[in-house]
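Structural features, examined
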Amino acid sequence: MAEPVELPSRLAILPFRNQVLLPGAIIRIRCTSPSSVKLVEQELWQKEEKGLIGVLPVRDTEATGVGSMIAPGMGSDSSGRGLKGVADVVGDSQKQDAKNPQEVIHWHNRGVAARALHLSRGVEKPSGRVTYIVVLEGLCRFNVQELSARGTYYVARVNRLDLTKAELEQAEQDPDLILLSRQFKATAMELIAVLEQKQKTVGRTKALLETVPVHRLADIFVASFEISFEEQLSMLDSVDLKVRLSKATELVDRHLQSIRVAEKITQKVEGQLSKSQKEFLLRQQMRAIKEELGDNDDDEDDVAALERKMQSAGMPPNIWKHAQRELRRLRKMQPQQPGYSSSRGYLELLADLPWQKVSEEPELDLKAAQESLDQDHYGLVKVKQRIIEYLAVRKLKPDARGPVLCFVGPPGVGKTSLASSIAKALNRKFVRISLGGVKDEADIRGHRRTYVGSMPGRLIDGLKRVAVSNPVMLLDEIDKTGSDVRGDPASALLEVLDPEQNKTFNDHYLNVPFDLSKVIFVATANRVQPIPPPLLDRMEVIELPGYTPEEKLKIAMKHLIPRVLEQHGLSSEFLQIPEGMVKLIIQRYTREAGVRNLERNLAALARAAAVKLAEQKDCVVQLSKDVHPMTTSLLDTRLADGSDIEMEVIPMSINRQDISNAFASPLTLVVDEAMLEKVLGPPRFDDRETADRVASPGVSVGLVWTSFGGEVQFVEATTMVGKGDLHLTGQLGDVIKESAQIALTWVRARTADLKLSAAGETNLLENRDIHIHFPAGAVPKDGPSAGVTLVTSLVSLFSQKKVRADTAMTGEMTLRGLVLPVGGIKDKVLAAHRYGIRRVILPERNLKDLAEVPSAILAGMEILLVKRIEDVLEQAFEGGCPWKPQSKL
Ligand code: ADP
């Protein structure tokens, strides 16, 4: 390290812009401006003995002054030109100065004497300009007493600020300084230790710490940090040793802390990085282990398997591209990532969908199809014929865009099973899509994948389940779809059923078109009315009205009983249900258009029988536990027919009953009335119900049509003191309410003719209210066909005459008393028959509809056709209507 130097009283000054050279620090500068080149040339280059120069900090004009600055013009010749030239030596302020030649230069009043450790001269070509590169070492602080120009550069009169050797030795005795220097050294050591961990080359710095005096060390350390110009200046200004040391300690400590913080941050980042790297490594290892064990079911393999599945799914090229894109995305994801499972689910669906898979359709054999239909379904001749026609057209023109068949009828009449028979006849798979209660369009079209928990619509889901693209798809209960704010499922269904559009059916979830044109659609509905007309337009309605009791009996004997027995693991050897009992079930336990409840009741009998059989079997097994095989020659006995017989010895303690059980074949259980009551409970319906209910005046028997087929609907009317109001109850719709008004008006208009009021009384409603109720109050009712029934009920009420219990009626009535035709005649007649009602009053214009009613039913019934309401009344009361109206309109 340099010894304390002799400082001359005058020093050539090199300005150092916005930087400070501290004693002990070494800098390398390039001098290009004429003034600095001149200075170097004259003061350093040309001198034999390397001289000293002063390096004086210069502050930028825009920076505010801190500390002591030499005022401009302090030098004798402080011309702007000269100043400019010098300032250029160590800064790039040339342009700035050029802009403002009169600019004031802020010199700091303290600087550091420096000597050149190395000098090199260069000549630029082609201009011939000379430049120097100088390596300077800071030696000691000085104070500027006077600044003056010497040619193009400045010279200052200076005095030394640093202590001499003797002064130093004395100062070092100061206990405060000792303490401060210890503190500084400790901090410096700490810094060195930290740096040592990072780089191995700090050995030299450590050596410095031992050899260099502490006041110099302070400068050297601080000079090696990146600190602000202000801090550098204040370090330069710290002439007092104690101040210098405490400042240096503070700066070293700050540097140390900042290194530590930086280290902590990098450690944190590295920690995170290494965690994922570690996971990756472990995963790699796990895969290797699994591969070694031949156990390849990890995620990666899963994805590979998925890709294979996708490849074999036969997707069209554009969809395959789309799928691959999605697969690439999946590959980049970690299984724990949020979108992973949704993306995977989507790809699984793409892979599972039957893009090309179809069930092979053999040459259609119409005869076999007819046989199969006959085998599964009793009766339904017309329906079966229509199905055969449909199949015949398909046979001739497989891609014919025939209408969609829609079976309409009450529950349990075989709509679903007919559809599945079509599938069977065509050798296609069958899939049922239940549309009952579907109000959201997304149920048909799917939810977009942006929604959480989104999934495909029911159609795409059905196709995935059935795994072929040409199944028979049953759109069950198409009349039960509704529309609300979530869209209109019917419009989506329209697209599905339209052969023009369903080639590219777009499910929102799937987001790529799927071809539905190979699917054969069949629909079912309970009623036609609720089906939106455009949808109905695409379908051919085939009505399946209810069955007659005879038909039900046949269906039960031929189809239901064998099926039920088989389903319960029974045979007719064990359980027999005689025809008489089936008839009783139909009459007493079911009152329905279809055969669903009948089937349910038969199943209940079969279950009871199965329990009995199981118990019996247990008994035999128990017995055989105690028996011992005979060891005598009897075992070898062979029967005449050659079959083996196994003999058992029965211990004498077992009673005779058990013995007979043990050998008896299972008993055949024949269902009788007692068993019916035991299993099905007391009869639910009987023929006397109507008689009981019309036992008082004011009650009439109507026939209505509901989604469960035809029904008998009683109408009850009563009167009480009031103000002439009409009360209606029983969840009635607007049309039926209006019918009640019409009926009342008609009756009031005919009060006199019908002799309904006491003599002289003209207003039927005087001081009284009328209340009409339609029982089964929980079931909504509507429609005009209760007109005649309402009139009959009111006439009965006012005349206090009972309506015939064996007569039911239906028909719309005009205000003038004409009876208009109504719908659902077959169902209504069948309903009356079910209730044991043998007389039915129908509008005359419904005569044609009677052709649909089985003749067996008609044979046992009296059908009374009427034109006017008076005719109805004539038939509805015992002995005819005694109050012959005088005039007919
Ligand atoms: P729907 O779909 O009309 O409500 P299903 O097709 O489910 O009725 O029929 C109910 C049950 O009745 C099924 O087991 C079905 O086989 C049977 N069934 C209905 N009609 C007949 C029939 N004509 N012949 C044989 N079985 C029938």
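What counts, and where the lines are drawn
Sequence order as written defines the numbering, with residues in each chain counted from 1. Under the rules for a predicted model, residues below a pLDDT of 70 receive no local features and side-chain atom pairs below 80 are neither given nor counted, while totals for whole chains, interfaces and linings still include all residues. Heavy atoms throughout the structure, all of them, feed into the side-chain values; hydrogens and water do not. If a single non-hydrogen atom of a residue is within 4 Å of a molecule or strand, that residue counts as near it. Distance and chemistry together define a polar contact, namely a pair of N or O atoms within 3.5 Å, with one atom able to donate a hydrogen and the other to accept it when in protein, and with adjacent residues in sequence counting only for side-chain atoms on both sides. To measure how exposed things are, a 1.4 Å probe is used in the Shrake-Rupley method; for residues, cover is taken only from the protein chains shown. Going along the chain from the N terminus, every DSSP run of H or I of four or more residues is numbered as a helix, and every run of E of two or more is numbered as a strand. Amino acid classes used here: Ala, Val, Leu, Ile, Met, Phe, Trp, Tyr, Cys and Pro are nonpolar; Asp, Glu, Lys and Arg are charged; the rest, including Gly, are polar. Note on definitions: angles span 0 to 180 degrees between N-to-C directions of axes, and those axes are lines fitted to C-alpha atoms, for helices only across the stretch in contact. An angle below 35 degrees is read as roughly parallel, one above 145 as roughly antiparallel, one from 65 to 115 as roughly perpendicular, and any other as oblique. Should the near helix be turned counterclockwise from the far one by less than a right angle, the crossing is left-handed, whereas a clockwise turn marks it as right-handed. Throughout, a residue-residue contact means that at least one pair of heavy atoms, one from each residue, lies within 4.5 Å. Residues enter patches when their relative accessible area tops 30% and they take part in no salt bridge; the joining distance is 9 Å for like charges and 5 Å for the nonpolar side chains Val, Leu, Ile, Met, Phe, Trp and Tyr. Whenever a carboxyl oxygen of Asp or Glu lies within 4 Å of a side-chain nitrogen of Lys or Arg, that contact is scored as a salt bridge. Summary of the burial criterion: residues with accessible area below 20% of their type's maximum are buried, those above 50% are exposed, and those between are partly exposed, where the area comes from a 1.4 Å probe applied to protein chains only. Confidence per residue, as judged by the predictor, is encoded in pLDDT with a range of 0 to 100. For a helix, the expected span equals 1.5 Å multiplied by the residue count minus one. Two strands form a pair only when DSSP identifies at least two bridges running between them. Residue types Ala, Val, Leu, Ile, Met, Phe, Trp, Tyr and Cys, when buried and joined through side-chain atoms within 4.5 Å, form a set referred to as a nonpolar core. Throughout, the edges of the domains are those of an automatic or database domain assignment. Only Phe, Tyr and Trp rings take part, Trp by its six-membered ring, and two of them pair if their centres are within 6.5 Å. Stacked means planes under 30 degrees apart, edge-to-face means over 60, and tilted covers everything else. Note on geometry: a ring has a charge over it if NZ (lysine) or CZ (arginine) is within 6 Å of the ring centre and within 35 degrees of the ring normal.

As a structural note, the neighbourhood of the ligand is formed by 19 residues, with Gly 412, Lys 415, Thr 416, Arg 563 and Arg 596 the closest of them. Tyr 378 has a polar backbone atom sitting 2.9 Å from a nitrogen atom of the ligand. Glu 599 is positioned such that a nitrogen or oxygen atom in its side chain is 3.1 Å from an oxygen atom of the ligand. Protein chains bury 91% of the 550 Å² of accessible surface belonging to the ligand in isolation. Counting residues per element, the ones that place at least two in the shell around the ligand are helix H15 (415-426), helix H20 (549-567) and helix H22 (596-626). The residue inventory of the shell around the ligand, partitioned by class, reads 8 nonpolar, 6 polar and 5 charged.

Quick look at the packing of helix H27 (residues 787-799) against helix H30 (residues 869-876) now. One way to put it is that H27 packs onto H30 with a least axis distance of 10 Å and a crossing angle of 55°. Relative to H30, the element H27 is oriented oblique. In this structure, H27 meets H30 at a crossing whose hand is right-handed. Of the residues in H30, those in contact with Val 788, Val 791, Thr 792 and Val 795 of H27 are Ile 869, Val 872, Leu 873 and Ala 876. Of the residues belonging to the contact of H27 with H30, the class tally is 7 nonpolar, 1 polar and no charged.

Among the surface-exposed residues, Val 261, Ile 265 and Val 269 lie close enough to one another that they form a single nonpolar patch of about 260 Å² accessible area. On the accessibility criterion, Val 269 (44% relative accessible area) is partly exposed.

All right, on to the environment of Pro 562 then. Here Pro 562 lies in helix H20. Looking at Pro 562, the relative accessible area reads 39%, which means it is partly exposed. Taking the C-alpha atoms as reference, Pro 562 lies 7.9 Å from Ser 572; in sequence the two are 10 residues apart. Filtering out sequence-adjacent residues up to four positions away, Pro 562 remains in contact with Ala 556 and Met 557.

Attention now moves to the confidence of the model for the protein. Looking at the protein as a whole, the pLDDT averages 80, with 84% of positions reaching at least 70. Confidence drops under a pLDDT of 50 for residues 63-68, and excluding neighbours within four residues, the segment shows 8 contacts in the predicted structure. Across residues 71-102, where pLDDT falls below 50, the model places 59 contacts with residues more than four positions away in sequence or in other chains.

Next up on the list: H15. Under the 1.5 Å per step criterion, the end-to-end length of H15 is 17 Å for 12 residues, consistent within 8% with the ideal 16 Å. Where H15 is concerned, the buried positions are Lys 415, Leu 418, Ala 419, Ser 421, Ile 422, Ala 423, Ala 425 and Leu 426. The elements touched by buried residues of H15 are helix H13 (366-376), helix H14 (381-396), strand E9 (404-408), strand E10 (430-434), strand E11 (472-476) and strand E14 (520-525). In the segment just after H15, Asn 427 is the residue with positive phi, at about 55°.

Here we come to the sheet that holds E9. Spatial ordering of the open sheet is given by E10-E11-E14-E9-E15, a layout of 5 strands whose pairing is parallel. Edge positions in the open sheet fall to E10 and strand E15 (539-543), since each of these has one partner strand only. Across the sheet, the mean angle from the axis of one strand to that of its neighbour is 25°, orientation sign disregarded. Examined bridge by bridge, E9 and E15 share 5 bridges and lie parallel to one another.

In this section: the nonpolar core. With 56 residues, the main nonpolar core has Leu 391, Phe 407, Val 522, Leu 575, Ile 577, Leu 602 and Leu 676 as its most contacted residues. No other element matches the 8 residues that H22 contributes to this core. Residues from two domains meet in this core; each of domain 4 (366-543) and domain 5 (547-616 + 665-685) gives at least three. Apart from the residues within four sequence positions on either side, Leu 575 is in contact with Leu 565, Leu 570, Leu 605, Ala 606, Ala 609, Leu 669 and Val 671.

A few words on unusual backbone geometry. A positive phi angle, near 65°, is found at Asn 511, a position not held by glycine. Counting through the fold element by element, Asn 511 comes out in the loop between strand E12 (505-506) and strand E13 (513-514). Asn 511 sits in the partly exposed class, given a relative accessible area of 48%. In this model, Gln 731 sits at a positive phi of 50°, which is unusual for a non-glycine residue. Take Gln 731: it is sitting in the loop between strand E22 (726-729) and helix H26 (734-749). Residue classification places Gln 731 among the partly exposed positions, given a relative accessible area of 44%.

Going through the model one piece at a time under the given rule, you end up with 5 aromatic pairs. Residues Phe 184 and Phe 221 carry aromatic rings whose centres are separated by 5.8 Å and whose planes lie at 85° to one another, so their mutual orientation is edge-to-face. Of the two residues, Phe 184 is situated in helix H5 (residues 175-198) and Phe 221 in helix H7 (residues 214-223); the sequence distance between them amounts to 37 residues. We classify Phe 184 as buried; its relative accessible area is 0%. One residue, Arg 449, lies across the ring of Tyr 346, its end atom 3.9 Å from the ring centre.

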